[in-house]
Amino acid sequence: MKIISWALASMALAPLTVFAHVGYVVPEHAIRQKSGVDLDFLFSALRDPLNVGLIIGTIFAIAAIYFALKRSSLFMDRIAFLQNRIGSYLELTPWMMRLSLGIALIGAGTSHALISPALADAPLFSFAQILLGFLLLAGFLLTPAVLLTILLFLVAIIQNFYLIGNLDFFALAISLLILANPKPGLDDFLGIPQNQWLQSLKNWVPPILRIGIGGAMMFLALYEKFLNPHLSRLVVEDYSLISVIPVSSAMWVLSAGLIEFLVGFLLAIGFHTRLVAAIAFLVLTLSFFYFHEAVYSHITLFGILSILFVTGGGKASIDAIYGKSNRLAEN
């Protein structure tokens with residue numbers, strides 16, 4: 001029973017370190033001192049049979065809950081109702097993209113950062129980001145504003161490869177450029193035409209968003225947890241996470257990395273996209289309040305997860321393939 005209890009607790013609490021960009025909550029001098037691969041530390045968690053039992057217990061507990069819900073007619077009926085109802089929100093997704101990007105740009109600009117807190121000393125870009133943010137929110141000169149936003153991200157990632165962990169921002173900007181929908185906005189009110197040259201790619205927006213957020217999460221899992229485990233160890237120790245679940249810091253780092261990578265991978269391939277997006281949204285919310293991070297640094301994550309909850313996996317996803325096979329079987 002103890003193993004099962006710890007497994008259930010870990011499902012709820014272990015992911016707290018998952019969605020926090022470690023580079024945002026660890027001081028710069030500590031990043032320089034603690035960076036580096038240490039696989040011996042990382043996998044030392046597996047030398048403890050209790051930790052191995054915790055991992056196995058968690059897997060079985062999740063599988064049991066999953067299959068129990070799949071067999072619940074009440075739960076599946078509510079899921080079917082939700083899927084039918086949520087289609088009416090599709091027309092709001094461009095507005096959700098504009099909100100996410102606009103708030104992220106204004107937040108970065110007012111914080112004198114370039115896109116990400118990882119580039120915190122960039123006052124020269126402050127005005128440009130604030131202006132672009134308000135243009136996106138107002139839906140005014142939308143296409144040039146999005147193009148300049150994409151250019152800003154490219155400038156930022158050239159300066160610091162850590163911004164691969166912000167691919168969600170880039171994916172949102174590309175998706176908004178493809179959709180080119182200013183409603184509601186000044187471009188629509190004033191009759192300013194939008195580019196139509198990428199409209200044929202609109203069905204690829206969900207895959208772009210999935211790969212953007214999934215790729216960002218897998219990169220952070222590999223870079224922060226597996227390749228630089230002592231950075232994540234600092235977060236575990238500084239925020240007293242061991243007192244929440246009494247396992248070693250190595251176990252915290254390993255489990256957080258595995259969970260983050262798995263969630264990112266499931267989103268990237270589009271497997272139960274809406275369910276995974278909803279769980280990730282919940283965990284991200286817990287992480288946000290626990291670590292007291294800046295709103296703008298994660299607003300695009302919230303935005304993409306909300307949009308994927310509406311769109312589902314879309315084209316080239318496991319969900320789409322599974323849906324097609326089900327329809328063929330029914331026929």
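These notes cover the structure that comes with them. Computed from a predicted model, the values in this text were never measured in an experiment.

Rules behind the numbers
- Residues numbered from 1 in each chain as written.
- Predicted model: local features only at pLDDT ≥ 70, side-chain atom pairs only at ≥ 80, totals over all residues.
- Heavy atoms only, no water.
- Helix = DSSP H or I, 4+ residues; strand = E, 2+ residues; numbered from the N terminus.
- Expected span 1.5 Å × (residues − 1).
- Buried < 20%, exposed > 50% of the residue type's maximum accessible area, 1.4 Å probe, protein only.
- Arc of directions from axis to C-beta.
- Patch = residues over 30% accessible without salt bridge, like charges linked within 9 Å, V, L, I, M, F, W, Y side chains within 5 Å.
- Areas by Shrake-Rupley, 256 points an atom, 1.4 Å probe, with all protein chains shown as cover.
- Salt bridge = Lys/Arg side-chain N within 4 Å of Asp/Glu carboxyl O.
- Axes fitted to C-alpha atoms, helices over the stretch in contact; angles between N-to-C directions.
- Parallel < 35°, antiparallel > 145°, perpendicular 65-115°, else oblique.
- Left-handed = near helix turned anticlockwise from the far one by under 90°.
- Contact = heavy atoms within 4.5 Å.
- Nonpolar A, V, L, I, M, F, W, Y, C, P; charged D, E, K, R; others polar.
- Lys, Arg positive; Asp, Glu negative; His and termini not counted.
- Polar contact = N/O pair within 3.5 Å; in protein donor to acceptor, adjacent residues only side chain to side chain.

## Quick notes on helix α15 (residues 273-291)
Here comes step 1: With 19 residues, α15 should cover 27 Å at 1.5 Å per step; its first-to-last C-alpha distance of 26 Å lies within 8% of that length.
Here comes step 2: What α15 keeps buried is the set T273, V276, A277, A280, V283, L284, S287, F288 and F291. The buried residues of α15 all sit within an arc of 145° when viewed along its axis, so they share a single face. Of the exposed residues in α15, those oriented more than 90 degrees away from the buried face are L282 and F289.

## A closer look at a nonpolar patch on the surface
Here comes step 1: Taken together, the side chains of V37, L39, F43, L46, V52, I56, F60, L222 and L227 define a hydrophobic patch exposed on the protein surface, amounting to about 800 Å² of accessible area.
Here comes step 2: Element by element, the count of residues in the nonpolar patch is highest for helix α5 (residues 49-70), at three residues.
Here comes step 3: Relative to the elements of secondary structure, F60 occurs in helix α5.
Here comes step 4: Using a relative accessible area of 59% as the deciding quantity, one classes F60 as exposed.

## Notes on the packing of helix α12 (residues 205-226) against helix α16 (residues 299-311)
Angle between the axes and distance between the axes: these two values describe a pair of packed helices.
Here comes step 1: Contact pair α12 / α16: the axes reach a minimum separation of 10 Å and the direction vectors enclose 140°. With respect to each other, α12 and α16 are oriented oblique. Crossing of α12 against α16: the hand is left-handed. Contacts between α12 and α16 involve P206, L209, R210 and I213 on the former and, on the latter, L301, I304, L305, I307, L308 and T311.
Here comes step 2: Partitioned by chemical class, the residues of the contact of α12 with α16 number eight nonpolar, one polar and one charged.

## Structural notes on unusual backbone geometry
Here comes step 1: With an omega of -15°, the peptide bond running from K183 to P184 counts as cis.
Here comes step 2: Looking at the element boundaries, P184 is found in the loop between α10 (167-179) and α11 (186-190).
Here comes step 3: One non-glycine residue, I115, adopts positive backbone phi at about 65°.
Here comes step 4: Locating I115 in the fold gives a position in the loop between α7 (93-110) and α8 (126-138).

## Describing the side chain of R98
Here comes step 1: Relative to the elements of secondary structure, R98 occurs in helix α7.
Here comes step 2: Buried charge R98 goes without a salt bridge, the closest partner of opposite sign being D187 at 8.1 Å.
Here comes step 3: Looking at R98, its side chain comes within polar contact range of the main-chain oxygen of L136, at 2.9 Å.
Here comes step 4: Beyond its immediate stretch of four places on either side in the chain, R98 contacts L136, L137, A138, G139, L142, L176, N181, P182, K183, P184 and G185.

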